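So you can see what is in the structure, the chains are spelled out below.
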Amino acid sequence: MRSLHLLAESTIPSLSDVAAAHCQAIKLSLITDTYTSNKLISRYAKCKDLRASLKVFDDMPHRDTASWNSIITGYANTGDFFNAWEASKSMKRLGFLFDAYTFGSMLKGIANGGRLMYGQQVHSDIVKMGFDDNVYAASALLHMYTKCYRVEDANMVFKYMPERSTVSWNTLIAGYAETGNLRRCVELFQCMEVERISVDDATFAPILPLLCDVDLYNLTRQLHAKIIKRGLEIESTVLNATITSYAECGCIGDARKVFDGADGYRDLVTWNSMLAAYLEHYLEECGFNIFLDMMRLRLEVDVYTCTSIISACFTDEQQSLGKSLHGLVIKAGLEQVTQVSNALISMYIKSNSESMEDALKVFERIDLKDPVSWNTMLTGLSQNGFSENALRLFQQMHLNYSLLDKYAFAAVLRLCSDLATLQLGREIHVLVVKLGLDGNEYVASALIFMYSKCGIVEDARKSFEASYKETSVTWNSIIFAYAQQGQGEVALDLFRLMTQRNVKLDHVTFVAALTACSHIGLVDEGLEILKSMRIVYGVPPQMENYACAVDLLGRAGRLMEAKELITEMPFEPNAMVWKTLLGACRACGDMDLATEVAGRLLELDPGDHCTYVLLSDMYGNLKRWDEKATVKRLMREKGVKKIPGWSWIELQNDIHAFKADDRSHPNCQEIYQALKELMNEMSSADSFLLDVHLDDVDLANRHWVVGADGFVQSVHI
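Residues numbered from 1 in each chain as written. Predicted model: local features only at pLDDT ≥ 70, side-chain atom pairs only at ≥ 80, totals over all residues. Heavy atoms only, no water.

Chemist: Can you lay out the overall build of the protein for me, pointing to particular residues and giving the numbers?
Modeler: Each helix and strand in the protein was counted, giving 39 helices and four strands. Rg of the C-alpha trace for the protein: 34 Å, well past the compact-globule value of 27 Å for 717 residues, more than 25% over. Its C-alpha atoms give the protein principal-axis dimensions of roughly 115 × 55 × 50 Å. Expressed as a percentage of the 717 residues in the protein, the buried residues total 44%. Within the protein, contacts between residues separated by at least 24 positions form 58% of all contacts whose residues are at least 6 apart in sequence. Working note: accessible area of the protein is about 37500 Å², and carbon and sulfur atoms make up 52% of it. Across the protein, the 70 positively charged side chains and the 91 negatively charged ones have centroids separated by 4 Å. (Helix = DSSP H or I, 4+ residues; strand = E, 2+ residues; numbered from the N terminus. Rg over C-alpha atoms; globule rule 2.2 N^0.38 Å. Buried < 20%, exposed > 50% of the residue type's maximum accessible area, 1.4 Å probe, protein only. Contact = heavy atoms within 4.5 Å. Areas by Shrake-Rupley, 256 points an atom, 1.4 Å probe, with all protein chains shown as cover. Lys, Arg positive; Asp, Glu negative; His and termini not counted. Charge placed at Lys NZ, Arg CZ, Asp CG, Glu CD.)

Chemist: Explain the packing of aromatic side chains residue by residue, including any values.
Modeler: For the structure on display, the rule yields 20 aromatic pairs. Between Trp85 and Tyr118 the ring centres are 4.8 Å apart and the planes differ by 75 degrees, which places this aromatic pair in the edge-to-face class. In this pair, Trp85 sits in helix 6 (residues 81-93) while Tyr118 sits in helix 8 (residues 116-128), placing the two residues 33 residues apart along the sequence. The same class applies to Trp85 as to Tyr118, namely buried. On the numbers, 5.1 Å between centres and 80 degrees between planes, the contact of Phe464 with Trp475 is edge-to-face. With a gap of 11 residues between them, Phe464 in helix 28 (residues 457-465) and Trp475 in helix 29 (residues 472-484) connect regions that are remote in the sequence. As far as the burial class goes, Phe464 and Trp475 line up, both buried. The ring of Phe158 has Arg164 sitting right over it, with the charged end atom 4.5 Å from the ring centre. (Phe/Tyr/Trp six-rings, centres within 6.5 Å; stacked < 30°, edge-to-face > 60°. Lys NZ or Arg CZ within 6 Å of the ring centre and 35° of its normal.)

Chemist: Describe the pattern of salt bridges, naming the residues involved and giving the relevant values.
Modeler: On inspection of all chains with the given rule, the structure shows 23 salt bridges. In this structure, Glu187 and Arg184 form a salt bridge, with 3.4 Å as the shortest nitrogen-oxygen distance. Taken together, the residues span about one helical turn, with Glu187 and Arg184 both in helix 12 (residues 182-194) at a distance of three residues. What you see here is one network of salt bridges that share partners, running through Glu193, Lys226 and Arg230. (Salt bridge = Lys/Arg side-chain N within 4 Å of Asp/Glu carboxyl O.)

This is a description of form; function is not addressed.
Take a look at the structure:
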C-alpha cells in the first residue's frame, strides 16, 4: 500500500510515483472509489499531466464536487481558462453543487488571464449561492479584482469580508501598489499594525518599490526598521526590494550597507539589484566591480545581469570591455536571447560610428527580432549618419505594420529633421495619423522638431496643439522650435504658460527657455531663469543648462561673467561648456581668454578638430600667422583633420548632398556654371555685403557657397 500512501502525503510526488499508485489502485480494485480517484486526478494535475487526470475523471463511475473541482483546478493551473469555464458550466448543468473551492479555482484562472467580465459573473454566482461571507471565496474574489486592476472593487470585497487574514491584507496592498497608490498602501499597513495583524515579507515587498524618490527616504528607513524588528531582513524579496528602494531614493551608500549585511543570504536577484543600483547612478566602475565579484564567485548570470552590464559599456574606453562581454554572452549561450542582443546593438551604436558594422552583424544574427531590435538599429543608423541605410530599414519595417510604433516614427522623423527632407516627413506624418499615433507625445515631439528644422514653425505648432500636453516632452520641443526660429518671446510665453498649467518641468525645459533668452538677448531674464531652477522649481541645473547660460553671457560680450559662472558650477565642466566659451571668445575677439580655454579643451579632448579650427581662425583674423601655422602643425602632428560640413537639398524626392570643393555630383559642371553666373551677378551688385570671417572665404577667387544650413563655405572653381 506504499504507492497509495504517497497520494496522502503533503509533498508533491513525481509523475512515476503517481502512475505507480494508479496501477496499485487498479490492482486492488480501489479505482472505483471516488476519494481515491479524486486524489489521482489532483496528483496528476499537480504533475502537469492533465491528460491522465482527464482519463481518470472520465473512467469514474461516481463523481462528486471534489472531482469537478480537481479538473477545474487542473485546467486553471495550466492556463486553459476556457476549458475550466466549460467544465464549470457542465458541472452546474449536471446538478453538482458549487463550493468555495470551485469558486476559488475559477477565480484563479480568471485572475491569471485578467478576464474581468467572467469574474463579475462568478461574483454574481457567489452572492446568489450564499458564499459571499465565505472567507476562501471572498479572498479569491479579492485576488481576482486586484489582478484585473479593479482595486476599488477589491476594496469593497475586502470591506465586507467576515474575516481578514494576513493574505487578504497583503493582496489588497499589492493591488494598490500595482496602481502606484503609495498613500493607500501605507494606510493599510498602519491599519494592520493597529489591528495587530501579523505582517510578513509579502506585506513589505509590494510597498518598497514605490519608494523611488529622495523625499521618501525617511519612510524607507522607517519601513526598513520595522523589517529588521520582525526579522525579515534576510527574506530574499524584502532584501532585494530594500536595496532597490534605497538606491531609488538616491542613497546608494545605504543600499550597499543592506547588500553587505546580507552576506550568505544573497541570491542572483540581490546581486542584480546592487548592480542596477550602481549603474543607474552612473557609478559604472562600482558596477563593474560588482560584476567581477559575481564572476569570481562563479555565479551563473542571467539575461538581466548581461543586459545591465552591457548597457554600461558606451564609451570608447569601455569598448574592449564591451567586446569581452560579447564573448561572455556567446560562451553562456545567450546571444540568441533577444533582450541581450538588443543591449549589444545599443552598446556598439553608442561606442562610436565605426562600430556600426558590429551592431549590424548582431542585428542580422537575431532569429526573433522584436520592435526594440528594429527601433534600436533604426535609431543607431540615423544618429550615426547612415541615413540611406536607416531609410531602407524603415521601408522593411513599413512592410510589416506591426513593427511600426511610436519609437520607430520618432526615429525616422528625427532622420527627416537631420536631412531637412520636408516631403518625406509629410508622407510619414500621414502614416502617423493613419495609425492613430499623432497624439503620442514622443511622435508629436519628433513632428514638431522636423517641421521646425524645415523652417515651418506653423506646422510645428499644429502638431503641438494636436498632442497630449500632460508632460514636458512636447512643450520642450515647441519652445525649442520658436527659440531656434528667432521667436524668443513666443517661446518664453509658452514657458510661462507651461508653468501656469502645472506641467512638471525638467532640465530640458530650462535649456529651451535659456536658448530663447540667448537668441533675443534677454541676459538678465535668462540668468534669473537659471537661478530659479533649483530654488523655485526644484530642478537641479545640469551641464546643458550651464552651457546655455555661458552662451547667453558670451553673446552679450560678458566673458568674465561667463568664466566666473563656469568656476562656480557644482561639477567639473565638460568639453561642451568650454567649447561654448571658446565660441564666445571668437565672437568677441578675446584672444587671451581663448588661448586659456583652448588649452583646457585640448587637455579634455585632444582629438576634437573644432578647437583647433576655432583657434586657427582667430589667429588668422588677427593676422598672427605664426601662431596660426603652429596650430595647423599641431593638427598634423596629432593626426587631427577638419571634418567638412555638408549641405543638401531635396528636389523631386531626391536628396542632393554637397560639401566644399565637391565634384562628385553627376551634374557638377552645370552646377558650377550656374554658381559662376550667380557669383558674377553678386559681385556686380553695389549693395551686396556679406559678413563672414576672412578665414572662411577664399579671398583669392572670391567664390562662396551658402549652404542649406545658412553657413558660408568656400569653393574652388
